[in-house]
Amino acid sequence: METGSPHDMGTTDAPDVPTTADAPSIPDAADVPTTAAGGAEPIWRALPPGLLTMRRLLLVVWLGLLTLATALVPGLLAGPAWGAFAVLPLALLLCGWVMLERNWRSWRYAERADDLLISRGVLWHEETVVPYGRMQLVEVTSGPVERHFGLASVQLHTAAAATDATIPGLDPAEAERLRDRLTELGEARSAGL
């Protein structure tokens, strides 16, 4: 087996996606080892850019409609000066555009030998550790909007509801691979109890 950096593993299907500003780029998830050399630090995987595109499109659609309604209704009923209230949803749209990218960049996950790590959050950083032996159900879900963008989510259910977790916006193939791997590891760990 060859060893080397994750960039030497040779995938050209998907572009590298940075996980944070100071972290290295992460190649296609199927070609990444689950732990770094020596097993000290886990290798974090970022969410695909399709999730950011989907969320931004939804933001533009909903706030675009709100902007239009805010401009037309007061403008027609109370006069054109009241149509200036449409600036508020536009400002919210610009702020949301930036915040969605920051939130998307904060999501990442890593598979370790005994558990799965999920990290997220911009203002309030949250890191969830889900032990494989505590997993009771791993499911892949994909709503109509997610399917349109070629995305799926992995929902993890554990013995304690407080440690349930979700990884949103994965490529369907990666979601299925993760579901199969987590189910296999969960069965192996629970059989040892």
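Being a predicted model, the structure only gives us computed values, none of them experimental.

A. View of the pattern of salt bridges. Counting across every chain of the model gives 10 salt bridges. When the shortest N-O distance is used, the salt bridge between E101 and R105 registers 3.2 Å. On the criterion of helical spacing, the pair formed by E101 and R105 is a turn pair, its members being four residues apart in helix α2 (residues 87–106). Using a relative accessible area of 27% as the deciding quantity, one classes E101 as partly exposed. Residue classification places R105 among the partly exposed residues on the basis of a relative accessible area of 30%. E126 is paired through a salt bridge with R120; the nearest N and O atoms lie 2.7 Å apart. By relative accessible area, which is 40% here, E126 ends up partly exposed. It is possible to trace a salt-bridge network through shared partners that takes in R45, E111, E174, R177 and R181.

B. Local environment of the nonpolar core. Residues L116, I118, M135, L156, I167, L170 and L182 are the most contacted members of the largest nonpolar core, which totals 24 residues. Contributing elements (two or more residues each) for this core: α1 (49–78), β5 (115–120), β7 (135–141), β8 (152–158), β9 (165–170) and α4 (172–191). By residue number, the principal contributor to this core is α4, which donates four residues. Excluding its chain neighbours within four sequence positions, the residues that come into contact with L170 are L47, P48, Y109, G150, L151, A152, V154, A175 and L178.

C. Structural view of the packing of aromatic side chains. A full pass over the atoms with the stated rule returns zero aromatic pairs. Note that R108 overlies the ring of W44, its terminal NZ or CZ placed 4.1 Å from the centroid.

D. Quick peek at the sheet that holds β7. Spatially, β7-β8-β9 is the arrangement adopted by the three strands of the open sheet, whose pairing is antiparallel. Looking at the sheet topology across the chains shown, the edges are occupied by β7 and β9. In this sheet, adjacent strand axes meet at a mean angle of 15° when their direction is disregarded. Both β8 and β9 contribute to a ladder of four bridges, which runs antiparallel. Across the sheet, Q155 pairs through a bridge with T166, a residue of β9.

Definitions and cut-offs
- Residues numbered from 1 in each chain as written.
- Predicted model: local features only at pLDDT ≥ 70, side-chain atom pairs only at ≥ 80, totals over all residues.
- Heavy atoms only, no water.
- Salt bridge = Lys/Arg side-chain N within 4 Å of Asp/Glu carboxyl O.
- Helix = DSSP H or I, 4+ residues; strand = E, 2+ residues; numbered from the N terminus.
- Buried < 20%, exposed > 50% of the residue type's maximum accessible area, 1.4 Å probe, protein only.
- Core = buried A, V, L, I, M, F, W, Y, C linked by side-chain atoms within 4.5 Å.
- Contact = heavy atoms within 4.5 Å.
- Phe/Tyr/Trp six-rings, centres within 6.5 Å; stacked < 30°, edge-to-face > 60°.
- Lys NZ or Arg CZ within 6 Å of the ring centre and 35° of its normal.
- Pairing = 2+ DSSP bridges.
- Axes fitted to C-alpha atoms, helices over the stretch in contact; angles between N-to-C directions.

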